[in-house]
Every structure is written in C-alpha cells, then in structure tokens.
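Geometric and topological summary
Each chain is listed here by its residues.
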Amino acid sequence: MCCKVKVDNLKVENQVNPMGIDILKPRFSWTILSSNHNVLQTAYHIIVTDEQGIKVWNSNKVETDQSVWIEYNGSPLQSRTRYSWQVKIWDNHGNETDWSVPQNLEMGLLCKEDWLAAWIEPEQQEAVEEAEITVQDIFSGALKEESLEERTKNLHPPKRLRRLFTINKTVKKARLYMTSHGIYKLELNGRKLENIEFAPDFTAYNVHLQYQTYDVTGYINKGENALGVELADGWYIGRIQLTGHSCQYGNKLGVLLQLEIELEDGTKEIITSDEQFVSSSGPWQYADLFIGESYDARLEQENWSCAEYDAAEWTPVKRAEYSLGNLSAQYGPVVKAMEEIAPREIHYEEDGAQIIDFGQVIAGRMRIQMTVPRDTRIIFEHSEVLDENGKFFMNIMGRNKDQTNFYVAKGDDRETYEPSFVFHGFRYVRVTGHPTPIQTEDITAVVLYSDMEMTGNFTCSDERLNRLQQNIQWSQKTNMLSIPTDCPQRERAGWTGDIQVFAPTAAYNMDVSSFLTRWLKDVRLEQFPDGQIANYVPTGKYYVSESKASFGNLSSAGWGDAIIIVPWVLYERYGDTRILEENYTAMTKWLNYVRQTAESEIPDSLKDEQDAVRLNRQKYLWNTGFHFGDWLIPSMKDPIESALKTKELVATCFYANSALLLAKISIILGKKETAAMYEELNQQIRKAFEEEYIDKNGRVSSPTQGIYILALQMNMVSDSKRPLVVNQLAQLIKENGYKLDTGFLSIPYLMDVLCKEGEHETAYRLLFQTQCPSWLYEVENGATTIWESWSAIAPDGTVGYMSFNHYAFGCVGDWLYRYIAGINPGEPGYKTSIIEPHTDCGLTSAAAEINTKYGKLSSSWTKTDNLVTLIVEVPANTTATVVLSHKSNIRLNGTVLENDENERLQNQIGSGSYQFDFADNYVPQS
Ligand code: RAM
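Let us look at the structure shown here.

Procedures and definitions
- Residues numbered from 1 in each chain as written.
- Predicted model: local features only at pLDDT ≥ 70, side-chain atom pairs only at ≥ 80, totals over all residues.
- Heavy atoms only, no water.
- Salt bridge = Lys/Arg side-chain N within 4 Å of Asp/Glu carboxyl O.
- Helix = DSSP H or I, 4+ residues; strand = E, 2+ residues; numbered from the N terminus.
- Buried < 20%, exposed > 50% of the residue type's maximum accessible area, 1.4 Å probe, protein only.
- Near = heavy atom within 4 Å.
- Polar contact = N/O pair within 3.5 Å; in protein donor to acceptor, adjacent residues only side chain to side chain.
- Areas by Shrake-Rupley, 256 points an atom, 1.4 Å probe, with all protein chains shown as cover.
- Nonpolar A, V, L, I, M, F, W, Y, C, P; charged D, E, K, R; others polar.
- Pairing = 2+ DSSP bridges.
- Axes fitted to C-alpha atoms, helices over the stretch in contact; angles between N-to-C directions.
- Parallel < 35°, antiparallel > 145°, perpendicular 65-115°, else oblique.
- Contact = heavy atoms within 4.5 Å.
- 1 Å grid on protein atoms, 1.4 Å probe; cavity = no way out; pocket = protein on both sides within 12 Å on 5 of 7 lines; lining within 4 Å.
- Points joined across faces, edges and corners; volume = space filled by probe spheres on them.
- Domains from an automatic or database assignment.
- Phe/Tyr/Trp six-rings, centres within 6.5 Å; stacked < 30°, edge-to-face > 60°.
- Lys NZ or Arg CZ within 6 Å of the ring centre and 35° of its normal.

1. Description of the pattern of salt bridges
In the structure shown here, the tally under the stated rule is 67 salt bridges. For Glu 690, the salt bridge is made with Lys 721, and the minimal N-O distance between the two is 3.7 Å. Of this pair, Glu 690 sits in helix H12 (residues 672-693) while Lys 721 sits in the loop between helix H13 (705-713) and helix H14 (722-735), placing them 31 residues apart in sequence. In this pair, the class of Glu 690 matches that of Lys 721, namely buried. Through salt bridges with shared partners, a single network forms among Lys 185, Glu 197, Glu 340, Arg 365, Arg 367 and Glu 418.

Structure follows, in structure tokens:
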C-alpha cells in the first residue's frame, strides 16, 4: 500500500468510460500521479470484469513501463455488454498503488445480426437537386444568382417522428442505439437527451455511418412512454461543400434505432424503428446546414414527445431497405455546444437592422430571448466581418452560403429562439424586423465544436503573440466541427491539405487523436482504386465529376500526402502505433500511385528532349498533372498562379518527403526491406530534384520563398549547395522587406528552416513583422481567427470576399510551442521529450504546457536583462532532455552544470519540477 503514487485519468480508446464502442481490442491508458521525482512505472496489472463480475481479462502483473495504449488481451468482448476495469501499477521507488476506482467500457452492437430494427422514413417530399457547377463558376462570378426565396421554395422541412411504448416493470438498464439519414435530435418523454448536436457525425455515409449509444435508463417511465426524434437534412441531404450541392448521400430522411430495455425481472423489451412510428413536420419550413433555417414558432407542438400528446394528425412512416453494412459505432468526440459568448456591442444600421457584434469569429449559432408581437418576422444573417465603412458585409461567395435564419414569433413573453439544425461561421449577426432594441443580456452566441479536451497553451510577454495563439486556437475549435475543415462558412470541407499542414499545431492545442483517427478512416475508405487520395474527405457523390471539371485531377501533392503525414503526427504526439498500422496499406497505395505517375509521365515541355541523362531522371520527378502547389502565395493574386508556378517542384518535394516518412513508418512496423526500398527511392528523388531544378548558384528554377523552404526542409539539396540555397532564401526574404511570401505547403517549415540554417534573426523578424503579409498584421487589424488570405483586410482597408477563419496559416503555432517555449516530442507520445527553449527571441518570457498522454509537460521561462529562469515540469513515467545552447552560469535547482565544448548543455531529467537558471549569452546581430 502506498499513498505517494496513484493512477489517474483512466481512458479506453482515449475516452473516459466509452459507451457503445466496437473496437474489439480496445486500448487502455492512464497517467501516474506522484509526489516523487524520477518516477517510472515498472509494472501494471489490469483486471476487466463483465456485468456478472466474471473476470474476462486478468493481465496479471506485467513488467513494463508502458502505460498508454495497452491492448486488451482477454476473452472476446461481447455486444451490448458493460465491462468494468481497474488497474494498479508499481514504480521504480518500490511503490505499489491501490487498485484504481473501477471504470467502465461498454460495447455497442458488434454485428449486423444484433440489429433487429429496420430503417424507416417519414412521409416527405424528396429533396430536389441542383445543377452541377465548377469552382470556376463560383469565383468567376458566372453563377446565376437565384434569390433565397427561389432556392428555398424547394427545400423540404425537417421531420418529427414519435412512437409510444408501454413498460410495466421496473427498468434495470436501457440503451438506445441510433443513427439517421440526415441529422437528428432525440427526446424521451419530453426530455432532451444529452448535449449532442448534428449526430451522426459527418462521415463517408455511404460506406461509413456511425450509430450512437445512449444510456436512457433514467428516462423511461413505468407505464406509457413516448420516444421522439427530430430529423433534418444535415450533411446527408443538405447543400454542402464548396459547390453547395445537395443530396450527396441521399434525398430522403430516415431513422434506424433500437431501444433495448432490461427489466428487473430479467426479461427484455426491444423497441425498434418500425411502422408504429408516426411523423409530422414541426415548426420548420426548412433547415439546411449552410443556407439556414426558417422557423415558425406559431407551429410549435408543445409536448410532442410526451405520451399524452395527441398525434392523431401525424402520418404513418414507411419501412425502407438499406444495407446495414455501412454501420459502425461512434468513435471519438461528438459535436456539442461547448461555449457561450455575450455580445460586445449592438448597434443600429440606417435601415433599422441591428448588428450584434460578438467580438469573436466562431462556428455556431445565436440564442435570443424576445418579447415581440405574434406574427413578427425576424431575419438573422451571419457574417465574419464588417466592410471598410463598418457596414454588415457578406464575406462568403458561392451557391447556398446564405447563413440566414427566419423566425416568426408566437408572441409569448420572453420566447426563446435558438436554431436547431444549422450552424454558421460568424462574428456579426444582422437582425432585421426586431421591433425593439435588443439588450446584450438577451442574445448569446453558442459555440459548437467536437468535444475535445483543450490540451495545450502558449503564452508570452508579447500580448500580440498571445492574441495570435488565441486566434489559432479559435480557428482550430471552429474548424473541428465533426471533421477537420478548411473554413466553417464557405466550404466546411475536410480538405486533406489543410489538416496536413495544421495537424502538428492542432495536436498541441487539443487532444485531436480520436477525432483525426475517425476522419482518417474515411480518407482510407474513400481512397480511389488507383491509390489517389481525395483533396477533401468525406468526398460526396459529386467529388469525381466536380474535381475533374474544376481541376482535371482527383488528387494533389501535399493534399493526398495527408494519408502519410497526419498518422505520422498522431504517432509522434500520442504514441499511437495502431494508427500507423491501420493506415499503412493506404499509405503505400498512395505512394505507389505517385511513383507510377512519376515513372510513366513526363511534362509536355520535355517531349522532344534529347539529353538521355535528363530524360532518365524524369522518372523520379513528380512533374505532371494539376496540383494546388504552394497554394495562396501572397504575392500572387490568383491562387491558380501559385499552383501553376510551383506545382512541379512542390510535388517532387512531397514525393521525397512521403517516401522518407514511409521508410520510417516501415521500420516501426518491422518491415525493414520495404523501408530500405523507400529510403533508396527518397535518395533518388532528391538527387534528381537537385540536378533538374537547382543551378550552381543554389537558385531553384521556380524561385519562390516556399520552394527554397521545401527544398531545404525535405533535404532536396546536397550539403555543398546548402549554404547557397539558404543564401537565396534569405535574400528573397530580405528583398521582400522581411515579409513572408509562402503558401500553404511551405509555411509550416518556414521558421524551422530559417532557425536551423542560422537565420533565426530573420525568423524573429518575420514573427514580429506587422506589415502585410504577416501574422501580427492580422492581429493588429483586429483578427480573432486566422484568415484564409493575409490581406483579407487589405492595407487600404478593403475587405475581401474571403474566409476569415482558415487555420492553415496558423500552423506557426507548432513552432511557438516547440521553438520559443521549447517543448519538443522525443520518443512517441512524449515518453521522452526535448526541452529546448529559445530565450534569445526578443521576448522577456514565454511558457507552454501540454497535457500529454502521460500528464502535464511544461516549460516556462522568464528573462531579466540576460538572466533567465526556466521551470520545467515533466510527467511521471517519462524523461526529458533539457538542451541549452550559448548559455553560461547554468544551475539546476541551484547546482552548477557545465556546458560541453560546443557551448551546449544536454541535461537528462526524470519526472518532477525543475528550475534552471542561466545567463543567455546570445548577442543578436544587428
Ligand atoms: C480552398 C479551400 C482549402 C484549400 C483548397 C485547395 O477552396 O478553402 O483551404 O485546401 O482550396
């Protein structure tokens, strides 16, 4: 027995007490709390018991320091069974913990045969599809503008369904398994179920539709009961993605549910979605995720989900035949209402509309309380910015992007309106038709995102950088609503390139492990037979035709590579090896596709090439087809220009990078020969790149900042030419007035490359730059999120038709944590970490902390003149190496430490808190 050490934060598959999972070998993790320093686990013992108390797994004492992702290894886990588990550990100080408090793990319905329910569909008008359009149609202005009225007259209303059932005995346990075509909300006997929004999450529904499991034990009455479901179009039927096209998965709303009730006497009742359900349209005329909703409060059906409600007018539902082969249990976080924000200011425009400013760009909706005459029609429009004259400005172009809600009041005292089945990307709401001034306490913004733990923060002595960090976090939260999106207003699409770029930052700020694991499943499922990985996932039915018409290609370098890079980031930051195993086949298929393309195609410009050597190396260059390239280079006004000018070199850099990553991954998975083959491939690509594209002065053939950065980062440059290439890059940045000119794909490496190549002064200048384009330019221009384009508000004040909430350029967050505060992953999941802060960056303090899978890891420094105090906190069962360069008088908890001959100190520490004091000798060059 001991009290000094205990296990904490027990999770299965990264969730506390997961409910209804279908992972047959779930993995267990915990953190260790101890008042000692240098604590390492030496053994664990896990016991899992079923509902009868029978041990289904007794791991016995396993001597290991592994405390995360421990795979279940007992007898097969059974459908709908709730298991209880406990763990105890031993540490290297001779301590043995008590058994932990028991935790749960509950399985869902593990096979198709468990589903007794059938799909049902309410009586409804089938959704009407729009014409196919291309991206060019949207941005060229060629799109025929139909009025909102014209477009919405065809939208069908959300539906309500209800069913009565009687239970005459005491309920012991009740579970509801449920999913839908469209998104649903659930009520039992007039009570809403949990805080869950937009279920089922957006997945590749045709092949992957998640069901959710609810514990409804406390919701069921003895006697008559009513189960109520509300259903709206959501992603399944609604107008989604860039082209705003509907019916991507189907055109009819439907429900599949199974309510299993275990009674005290051991018997069981099962209620399923069947023909005993009846349906009705509720108070909505329509509700579309992107367009908005139209809601008539006069049509509210009070108590519609209570047994006593008179549903005589409701119509029968029909059974529908759909395969259950696409069903799987919910994995990872659901969307919830996560935060609320009060308005900062409310003002009137000349036409009488009221503008509510919430002071923060978000994804979500507003909730308003009002006392207005019956029949009052109020319009709520949403936008992220005001124009240069301070007027409400619809910043989003395209079809079906209205973000507008209509409400007709019922005339009650303080009636409340909060839309149900829509969300918007906004900071401002323009309210038209509200007869009296809206009071700040009567209106609230509700922020919606997938329920993930905030795991990290970075702060420093410069408030502008703190705001930048907050902007990054806001762009992350609001672009992680069900899937990782590019923006929460115009497209809301799971662009693979955007999350590839942002994943390292994302993994500092939040626990994105399960969220991205779920999304990667769709990336794999939607991989094309030839190995191509889609540019956005889920793709939807029009992906192929729209991509071919818009770009001519189904995939792009730097976007498709997400299938390798994102799992790699998850492995590095969370120590999850299964993520590599699960995605390995898809990774190799993608790289084979790239390889075959590179080997079989040459650019048109080389069709008459005579030089055999040159022709021969073309097979290592991925230099054909369309790619987004270093997307959105600020100096190129047309995004397609940045694509066309850089695509060839960018694609080859990513080809090399992915080959190398795949070599590393192959080694981790024990595939040594494959690893050697990819390593060899990487070398050949790099050699061919240098010969083809870099001249003797280190100049590349598409001389943009981004190409130099990628060439350096991905080692496309031999050591002898490296200084020349660095020089070219530094020169370009200098000529550009120390402003960046990098697109999506190169910006993640900009600061690292400069710092690694001795150009850290240049990096700091870019960081503190306030002219456009720069991070602080956005901050100084009032940004509350990261913009799609640096000049979304141009220096002359012009406001662009841009997204003001794209996280990609926020990827500098990763560098702030790693380089400024100095928290770097060492062994996967921070089993070891490297703490290397850069106290010479011009700040007087910086601090970062992250909640790793092992617990809290933090680094925080303050500097007075050149004297620095650094506090490092290392979680139990891990170690850290503190690296300090060009420092003197180094003391650790008061004891003097010596630098090595290179003026570098590398000090290994175990868990616990430590104080380092030193003098920072670095003298910045002027
Ligand atoms: C834009 C998206 C996204 C980007 C693609 C290429 O439309 O917003 O950010 O990945 O284009």
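There's more to say after this.
2. Side note on the side chain of Asn 466
Relative to the elements of secondary structure, Asn 466 occurs in helix H4 (residues 463-478). Asn 466 gets classed as buried once you look at its relative accessible area, which sits at 7%.

3. Let's talk about the site of the ligand
Lining the immediate surroundings of the ligand are Asp 486, Arg 490, Glu 491, Trp 495, Asp 498, Trp 559, Phe 628, Trp 631, Phe 744 and His 806. In this structure, His 806 approaches the ligand through a side-chain N or O atom, which is 2.8 Å from an oxygen atom. Expressed as a share of its isolated accessible area of 300 Å², the protein-covered part of the ligand is 95%. When the residues that make up the shell around the ligand are grouped by side-chain class, the tally is five nonpolar, one polar and four charged.

4. With respect to the sheet that holds strand E21 (residues 315-316)
Pairing is antiparallel across the open sheet formed by six strands, whose spatial order is E13-E12-E15-E10-E18-E21. At either end of the open sheet lies a strand with only one pairing partner, and these are strand E13 (191-192) and E21. Pairing of strand E10 (residues 159-167) with strand E15 (residues 223-232), which is carried by nine bridges, proceeds in the antiparallel orientation. Each bridged residue has a counterpart across the sheet, and for Arg 163 the counterpart in E15 is Leu 227.

5. Focus on the packing of H4 against helix H5 (residues 496-509)
Contact geometry for H4 and H5: axes closest at 10 Å, N-to-C directions at 100°. With respect to H5, the axis of H4 lies roughly perpendicular. Across the interface between the two elements, Gln 469, Ile 472, Gln 473 and Gln 476 of H4 pack against Phe 502, Thr 505, Ala 506 and Asn 509 of H5. Residues belonging to the contact of H4 with H5 are distributed by class as follows: three nonpolar, five polar and no charged.

6. Some thoughts on the environment of Phe 528
In this structure, Phe 528 sits in the loop between helix H6 (513-525) and helix H7 (543-551). Judged by relative accessible area, Phe 528 falls into the buried class, the value being 15%. Counting along the chain gives 385 residues from Phe 528 to Leu 143, while the straight-line C-alpha distance between them is 30 Å. Discounting residues that sit within four places of it in the chain, Phe 528 has contacts with Ala 534, Tyr 543, Val 544 and Leu 554.

7. Looking at helix H16 (residues 760-768)
Among the residues of H16, His 760, Thr 762, Ala 763, Tyr 764, Leu 766 and Leu 767 are the ones counted as buried. Buried residues belonging to H16 abut H4, H14, helix H15 (747-756), helix H17 (775-780) and helix H18 (812-821).

8. Quick word on empty space enclosed by the protein
Inspection of the entire model under this criterion finds four cavities of 30 Å³ or more. Quantified by volume, the largest cavity comes out at close to 80 Å³. Surrounding the largest cavity, Val 135, Gln 241, Leu 242, Thr 243, Trp 495, Tyr 536, Glu 546, Ser 547, Ser 550 and Phe 551 form its lining. At four residues, H7 tops the list of elements feeding residues into the lining of the largest cavity. Grouping the amino acids of the lining of the largest cavity by side-chain chemistry returns five nonpolar, four polar and one charged. Built from parts of two domains, the lining of the largest cavity gets at least three residues from each of domain 2 (115-332) and domain 4 (456-821).

9. Re unusual backbone geometry
Cis geometry is found at the peptide bond from Val 537 to Pro 538, where omega equals 0°. On the secondary structure map, Pro 538 appears in the loop between H6 and H7. Between Cys 772 and the following residue, Pro 773, the backbone shows a cis peptide bond with an omega angle of -5°. Looking at where Pro 773 falls in the secondary structure, it is placed in the loop between H16 and H17.

10. With respect to the packing of aromatic side chains
Per the counting criterion, the structure on display carries 48 aromatic pairs. Ring geometry for Trp 559 versus Phe 744: centroids 6.3 Å apart, planes at 10°, classification stacked. One end of the pair, Trp 559, is in the loop between H7 and helix H8 (562-574); the other, Phe 744, is in the loop between H14 and H15, with 185 residues separating them in the sequence. Given the relative accessible area of 3%, Phe 744 is considered buried. When the ring centre of Phe 423 is taken as origin, the NZ or CZ atom of Arg 492, which lies over that ring, is 3.8 Å away. Lying across the ring of Trp 69, Lys 853 places its NZ or CZ 4.4 Å from the centre.

11. Things to note about the layout of surface pockets
By volume, the largest pocket is sized at about 1,200 Å³. Secondary structure elements with two or more residues in the lining of the largest pocket: H5, H8, helix H11 (639-668), H13, H15, H18 and strand E37 (823-825). Element by element, the count of residues in the lining of the largest pocket is highest for H15, at six residues. Classifying every residue of the lining of the largest pocket gives 18 nonpolar, eight polar and eleven charged. Two domains share the lining of the largest pocket, each providing at least three of its residues, namely domain 4 (456-821) and domain 5 (830-919).

12. A short note on the pairing of strand E7 (residues 82-91)
Counting buried residues in E7 gives seven out of ten residues, a clear majority hidden from the surface. Inspection of the sheet shows strand E3 (residues 41-49) paired to E7 by eight bridges, in the antiparallel sense. Paired with Ile 46 across the two strands is Val 87, which belongs to E7. Judged from the four bridges that link them, E7 and strand E8 (residues 103-106) form a sheet pairing that is antiparallel. Within E8, the residue paired with Arg 82 across the bridge is Glu 106.

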